[in-house]
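Examination of the molecular architecture
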Amino acid sequence: MRKPLAALSALAAAALLGVAAPSVESASRTVRITDNAFSPSSTSVRRGDTVTWRWTGRAAHNVVVKSGPVRFQSSLKRSGTFKRRLTRRGTYSIVCTIHSGMAMKVRVR
Ligand SMILES: [Cu+2]
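Let us look at the structure shown here. (Residues numbered from 1 in each chain as written. Predicted model: local features only at pLDDT ≥ 70, side-chain atom pairs only at ≥ 80, totals over all residues.)

**Some words on the sheet that holds strand S7 (residues 90–95)**
Reading across the sheet, the four strands line up as S3-S8-S7-S5 and stay open at both edges, with mixed pairing between neighbours. The strands lining the two open edges of the sheet, one partner per strand, are strand S3 (42–45) and strand S5 (64–67). Ignoring which end each strand starts from, the neighbouring axes of this sheet average 30° apart. Direction of pairing for S3 relative to strand S8 (residues 103–108): parallel, over a ladder of four bridges. Paired with Thr43 across the bridge in S8 is Val106. (Pairing = 2+ DSSP bridges. Helix = DSSP H or I, 4+ residues; strand = E, 2+ residues; numbered from the N terminus. Axes fitted to C-alpha atoms, helices over the stretch in contact; angles between N-to-C directions.)

Structure representation (structure tokens):
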């Protein structure tokens, strides 16, 4: 009867850690959106970090997750920012759906 209880408390501790860690050490990363590219085109962040995409060009672009642990997307726009806190590990393949070849990867470690 001890084993299930120990496993359960270990799970509870891990869950607590998972919730607490990002708020303690979360950071942010900015990706510039130019005409027509993401800069940088590849970046690596820690789980819980926030990525901010900043529109710096004149054309309209969007930020769309094509594949990855979580799907999300921004609206199609010409200026401003789009922020997302990434809480799931893995590799996110991101594109702008109106410009073929405009793509980037974010690795969440
Ligand atoms: Cu675009």
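**A closer look at unusual backbone geometry**
The omega torsion of the bond from Asp35 to Asn36 falls at 0°, within 30 degrees of zero and hence cis. Along the polypeptide, Asn36 turns up in the loop between strand S1 (28–34) and strand S2 (37–39). The step from Ser39 to Pro40 runs through a cis peptide bond, and the omega angle for that step is 5°. Counting through the fold element by element, Pro40 comes out in the loop between S2 and S3.

**Considerations on the sheet that holds strand S4 (residues 50–55)**
Ordered by their spatial adjacency, four strands build an open sheet running S2-S1-S4-S6, and the pairing between neighbours is mixed. Edge positions in the open sheet fall to S2 and strand S6 (81–85), since each of these has one partner strand only. The sheet shows a mean angle of 20° between the axes of neighbouring strands, direction not considered. Where S4 meets S6, five bridges bridge the pair, whose relative direction is antiparallel. Within the sheet, the bridge partner assigned to Thr52 lies in S6 and is Lys83.

**What to know about the environment of Lys83**
Looking at the secondary structure, you find Lys83 in strand S6. Judged by the 12 C-beta atoms lying within 10 Å of it, Lys83 falls in the exposed class. Between the C-alpha atoms of Lys83 and Thr50, which are 33 residues apart in sequence, the distance is 6.7 Å. Ignoring sequence-local partners within four residues, the contact set of Lys83 consists of Thr50 and Thr52. (Buried ≥ 20, exposed ≤ 12 C-beta atoms within 10 Å, placed from the backbone. Contact = placed C-beta atoms within 7 Å.)

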